[in-house]
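A look at the structure
The lines below spell out each chain.
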Amino acid sequence: MADVSIEAVSAVVGKVYEAAYDQGRWLDAVNGLRDLFGGSRSCIVRISPQTFDAVATDFDPEFTSPKGIEALLRDPLAAASAALPLGEVSRWPLTEEVAAFRRRELWQDWLRPRDMYHGLVSNLLSSNDSHWMLSIDRGPGQEAFGAEDIDLLRKIVPHMRRAGQIGQQLEKTSALASAFSHLPFGVFLINGHQQIAQMNGAAEAMLSRPDSPLRLRDGTIAAASAEDTQELERLVADACSLHDGVIPGVGGTLLVPSDRRQSDLARLVLSVAPFVDARAYGLASERCAVVMVTEVARRIPDGFELYVRELFDLTPAEARLATELASGRSLKEVAAASNITVKTGRTYLERIFDKTETRQQSELVALLKSTEPLTGRR
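Bringing the overall build of the protein chain into the picture now. If you tally the helices and strands in the protein chain, you get 14 helices and 16 strands. Taking all 378 residues of the protein chain together, 49% fall into the buried category. Long-range pairs, those at least 24 residues apart, make up 62% of the contacts in the protein chain with a sequence separation of at least 6. Accessible surface, the protein chain: about 18,000 Å² in total, of which carbon and sulfur atoms supply 51%.

As structure tokens, then:
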């Protein structure tokens, strides 16, 4: 490579950090990297099994069309690039035979027509099933990247990775501050690995209470019981996933502790839902779940039976059963107090499940308890 001045490298690193605080400026940073390395093209791409997005020096709608994305995702190059250790820099084609690579569709139909003959690649960021890759390419009339190019990019990539983390953090913090900081109930942002990305003041206060059924374990949120923790993990994973590659999971509602015998702990309703993506490198970042936490009264408020009857279109018998279950009684206890058989109680319960779109008793109770504040009465 030609001699590169310290001033030129510093200028590009400066653009990288400017983009960290203003996601709209990542194109300037990408252009700077292309020029610094004497490339023909440069881009940052986000690759996942469902999507492909890019900030690139050359706007190419055909390459980012569904057909182009499918060609990229089914080629082994995509998986091999994503498998690189984070922060590592490598030439592409990677360790495979160049001749074999250039017989494949990706090279023949997509890369060669765009003068993408060889390049450098680095795995900047990985989250859930997405990977953010930096690629700098050269055309047929240019020499391949050498050891000096790799060494220089290895010095710049840590700044790229740090800038991406800053961008994510700022986006999450901004979203949390603007939407949730003033709310009187707890709000957590949790990624697909169950790690807390952000929480508001009410959530912090809730975790610090000695009677809280929620706690922190190595940066992840957990419930007092293993069963409740597993159910929370399931709901968060669902809210962080995409169904059919497009529609996010809906999450759900959970009452903790679910065991009504743990009377020394506060009763909390956790409502889990998908949250808008934070951003890094000017591209959509990891999917997160928002978990809204409210404390509910230990007693059922007056008028609750009529309220749930109207809210979910329950019959009087179904509303009575639902209210008694929400108060902490078992199905067997409710059946005995209502002079009905347990079998009849189960029939009512199945109808309630259908009308409330719940699947099990703990989920139903969590849903019912989450409606208590809406009654305006305690």
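Taken as a whole and judged by the stated rule, the model has 6 aromatic pairs. Their ring planes at 70° and their centres at 5.9 Å tell us that W92 and F101 sit as a pair that is edge-to-face. Across the pair, F101 and W92 agree in class, each one buried. Measuring from centroid to centroid gives 6.1 Å for F101 and W107, while their planes differ by 50°, and the two rings are tilted. Per residue, the accessibility class of F101 equals that of W107, and both read buried. What links up through ring pairs into an aromatic cluster is the set W92, F101, W107 and Y117. If you follow R102 out to its NZ or CZ, it ends over the ring of W107, 4.5 Å from the centre.

Before going further, it helps to spend a moment on the nonpolar core. Counting 33 residues, the largest nonpolar core has W26, F37, I44, L153, I156 and M160 as the members making the most contacts within it. Breaking this core down by element, the ones donating at least two residues are α1 (6-21), α2 (26-36), β4 (118-127), β5 (130-138) and α7 (147-179). For this core, the leading source of residues is α7, giving 8 residues. Discounting chain neighbours no more than four positions away, the residues touching F37 are L120, I136, R138, F145, D149, L152, L153 and I156.

Right, let's talk about the pattern of salt bridges for a bit. Following the criterion strictly, the structure yields 13 salt bridges and no others. For R104, the salt bridge is made with D75, and the minimal N-O distance between the two is 2.9 Å. Here R104 is found in the loop between α5 (98-101) and α6 (105-111), whereas its partner D75 is found in the loop between α3 (66-74) and α4 (76-82), with 29 residues between them in sequence. A cluster of three or more residues bridged by salt bridges with shared partners is formed by R41, D60, E62 and R114.

Here we come to the pairing of strand β7 (residues 196-199). As paired elements, strand β6 (residues 186-191) and β7 share 3 bridges and run antiparallel to each other. Residue F188 lies in a different strand from β7, and its bridge partner there is M199. Counted along the chain from β6 to the antiparallel partner β7, the turn is 4 residues long, and its residue Q194 has a positive phi close to 70°.

Attention now goes to the sheet that holds β7. Ordered in space as β7-β6-β16-β13-β12, the 5 strands form an open sheet in which the pairing is antiparallel. What marks the edges here is a single partner per strand, and that holds for β7 and β12 (252-256). Here the strands of the sheet are splayed against their neighbours by 25° on average, with no regard to which way each runs. Contacts between helix α8 (residues 201-208) and the sheet are confined to β6, β7, β13 (268-275) and β16 (288-295), with β6 contributing the most and set at about 90° to the helix. On the sheet, helix α9 (residues 226-239) packs against β6, β12, β13 and β16 and is oriented at approximately 160° with respect to β12.

Scored by pLDDT, the protein chain has a mean of 84; 89% of the residues are at 70 or more. When pLDDT is averaged over each helix and strand of the protein chain, the minimum, 64, is found for strand β11 (residues 247-248) and the maximum, 95, for α2. Taken as a whole, residues 373-378 scores under 50 in pLDDT and shows 15 contacts with residues more than four places along the chain or in a different chain.

All right, on to the pairing of β6 then. Most of β6 is tucked away: 6 of the 6 residues are buried. By the alternation rule, side chains of β6 split into G186, F188 and I190 and V187, L189 and N191, which are all buried. Sheet analysis places β6 next to β16, joined by 6 bridges and oriented antiparallel. What sits directly across from V187, in β16, is M292.

Attention now goes to the side chain of T229. Within the element layout of this structure, T229 appears in helix α9. A polar side-chain atom of T229 sits 2.9 Å from the main-chain amide nitrogen of A223. Among all residues touching T229, those that are not within four sequence positions of it are A222 and A223.

Time to look at the sheet that holds strand β3 (residues 89-92). Spatially, the 5 strands line up as an open sheet ordered β2-β1-β5-β4-β3, and their pairing is antiparallel. At either margin of the open sheet sits one strand with a lone partner, and together these are β2 (52-56) and β3. Put simply, the sheet's adjacent strands are angled 25° from each other on average, direction ignored. Bridge count for β3 against β4 is 4 bridges, and the pairing is antiparallel. Paired with W92 across the strands is G119, a residue of β4. Contacting β1 (41-47), β2 and β5, α2 runs over the sheet at an angle of about 130° to β1.

Before going further, it helps to spend a moment on α9. Since the α-helix turns once every 3.6 residues, residues separated by three or four places project in the same direction. Here α9 is 14 residues long and its end C-alpha atoms lie 20 Å apart, about the 20 Å a rise of 1.5 Å per residue gives. Those residues of α9 not exposed but buried are D228, T229, E231, L232, L235, V236, D238 and A239.

Each value, and the rule that gives it
Residues numbered from 1 in each chain as written. Predicted model: local features only at pLDDT ≥ 70, side-chain atom pairs only at ≥ 80, totals over all residues. Heavy atoms only, no water. Helix = DSSP H or I, 4+ residues; strand = E, 2+ residues; numbered from the N terminus. Buried < 20%, exposed > 50% of the residue type's maximum accessible area, 1.4 Å probe, protein only. Contact = heavy atoms within 4.5 Å. Areas by Shrake-Rupley, 256 points an atom, 1.4 Å probe, with all protein chains shown as cover. Phe/Tyr/Trp six-rings, centres within 6.5 Å; stacked < 30°, edge-to-face > 60°. Lys NZ or Arg CZ within 6 Å of the ring centre and 35° of its normal. Core = buried A, V, L, I, M, F, W, Y, C linked by side-chain atoms within 4.5 Å. Salt bridge = Lys/Arg side-chain N within 4 Å of Asp/Glu carboxyl O. Pairing = 2+ DSSP bridges. Axes fitted to C-alpha atoms, helices over the stretch in contact; angles between N-to-C directions. pLDDT = per-residue confidence, 0-100. Polar contact = N/O pair within 3.5 Å; in protein donor to acceptor, adjacent residues only side chain to side chain. Expected span 1.5 Å × (residues − 1).

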